[in-house]
Amino acid sequence: MKMDFSWAHFFIKKMAPILAVSAFLIASGSVVANAQSKSGKYKLGTGDKINILVYGEADLTVETTLSESGVINYPFLGEIKANNLTTGQLESLITRGLKGDYLINPVVRVSINEYRPFFIDGEVKVPGGYPYQPGLTISKAAALAQGFTERASKEKIYVIRGHGKAQNKFKADLNTELLPGDIITVEQGFF
């Protein structure tokens, strides 16, 4: 008795790639979505390493770092200003650019491979820039900088967020959540 597996072969051949891409898109977006839900829509900035995936188009899949000007070079479209865009906005921009003349219905996914660093200075043992991690607080940032010095004031902590004219300085506490690119200053306390 010979069994006919033509329908199973058809299903695997046609549906497996779609299911694999769907699983990839869900998994790759979960870290970014979690970070964005805590702090609003995360805006891309200088130093962010991103991955742009166009399903079925290996030549259009790119991993790049946003330059100082916030511009990326993308195949077929050239320079794209990605600074201050969310990943969703960049996806839409690339989709519109590729649709029509180049691809009929492009499926584009932008994910963040590595966030730009944050910086901590003042009364910490090892001031400097450190890789950002979603869910980072000032307390955790100080731990990455090997802790506070003996003179550190845990009440006089300030964060500078943004850049250029959009910079905002505010007083923070140990539980303040940080964003990539934040600059933390821990001042001295008086003893």
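Small disclaimer: the values here were computed from a predicted structure and weren't measured.

**Quick word on the overall build of the protein chain**
Part 1 of the argument: Helix and strand content of the protein chain: three helices and 10 strands.
Part 2 of the argument: Ordering the α and β elements of the protein chain from the N terminus gives α-β-β-β-β-α-β-β-β-α-β-β-β.
Part 3 of the argument: With 191 residues in all, the protein chain has 35% of them scored as buried.
Part 4 of the argument: Put simply, 53% of the contacts in the protein chain that link residues at least 6 apart link residues at least 24 apart.
Part 5 of the argument: Of the roughly 11600 Å² that the protein chain leaves accessible, carbon and sulfur atoms contribute 56%.

**What to know about the confidence of the model for the protein chain**
Part 1 of the argument: Mean pLDDT over the protein chain works out to 82, with 78% of the residues at or above the 70 mark.
Part 2 of the argument: Below a pLDDT of 50 lies the segment residues 7-40, which in the model reaches 23 contacts outside its immediate sequence neighbourhood of four places, other chains included.

**As for the sheet that holds strand E8 (residues 152-161)**
Part 1 of the argument: Judged by pairing direction, the sheet is mixed, and its five strands sit side by side in the order E7-E6-E10-E8-E9 without closing on themselves. Two strands close off the open sheet at either side, each with one partner strand: strand E7 (128-130) and strand E9 (168-172). Along the sheet, successive strands turn relative to each other by an average axial angle of 25 degrees, direction set aside.

**Some details on the sheet that holds strand E2 (residues 62-65)**
Part 1 of the argument: One open sheet accounts for three strands, arranged E2-E1-E5; its pairing is antiparallel. The sheet is open, and its two edges are formed by E2 and strand E5 (108-114), each paired on a single side. Averaged over all adjacent pairs, the angle separating strand axes in this sheet is 25 degrees, with direction ignored.
Part 2 of the argument: Sheet topology note: the strand E1 (residues 49-54)/E2 ladder contains four bridges and is antiparallel. The residue bridging Ile50 from the neighbouring strand is Thr64, located in E2.
Part 3 of the argument: With respect to the sheet, helix H2 (residues 87-98) is in contact with E1 and E5, its orientation differing from that of E5 by roughly 140 degrees.

Criteria and cut-off values
- In every chain, residue numbers begin from 1 and rise along the written sequence.
- Local features in a predicted model are, by the rule used here, given only for residues with pLDDT of at least 70; side-chain atom pairs are given and counted only at 80 or more, and totals for whole chains, interfaces and linings are based on all residues.
- In computing side-chain properties, one takes all heavy atoms of the structure into account and sets aside hydrogens as well as water.
- Each helix is a run of DSSP H or I of at least 4 residues and each strand a run of E of at least 2, with the numbering of both proceeding from the N terminus.
- Each residue is assigned to one of three classes by its accessible area relative to the maximum for its type, calculated with a 1.4 Å probe on protein chains only: buried under 20%, partly exposed between the two thresholds, exposed over 50%.
- Contact between two residues is taken to exist if any of their heavy atoms lie within 4.5 Å; hydrogens are not considered.
- Shrake-Rupley sampling with a 1.4 Å probe provides the accessible areas, and residues are treated as covered by the protein chains on show and by no other component.
- How sure the predictor is of each residue is captured by pLDDT, a score from 0 to 100.
- Strands are treated as partners if at least two bridges between them are detected by DSSP.
- Simply put, an axis is a line fit to the C-alpha atoms, just over the touching stretch for a helix, and the angle between two N-to-C directions goes from 0 to 180 degrees.

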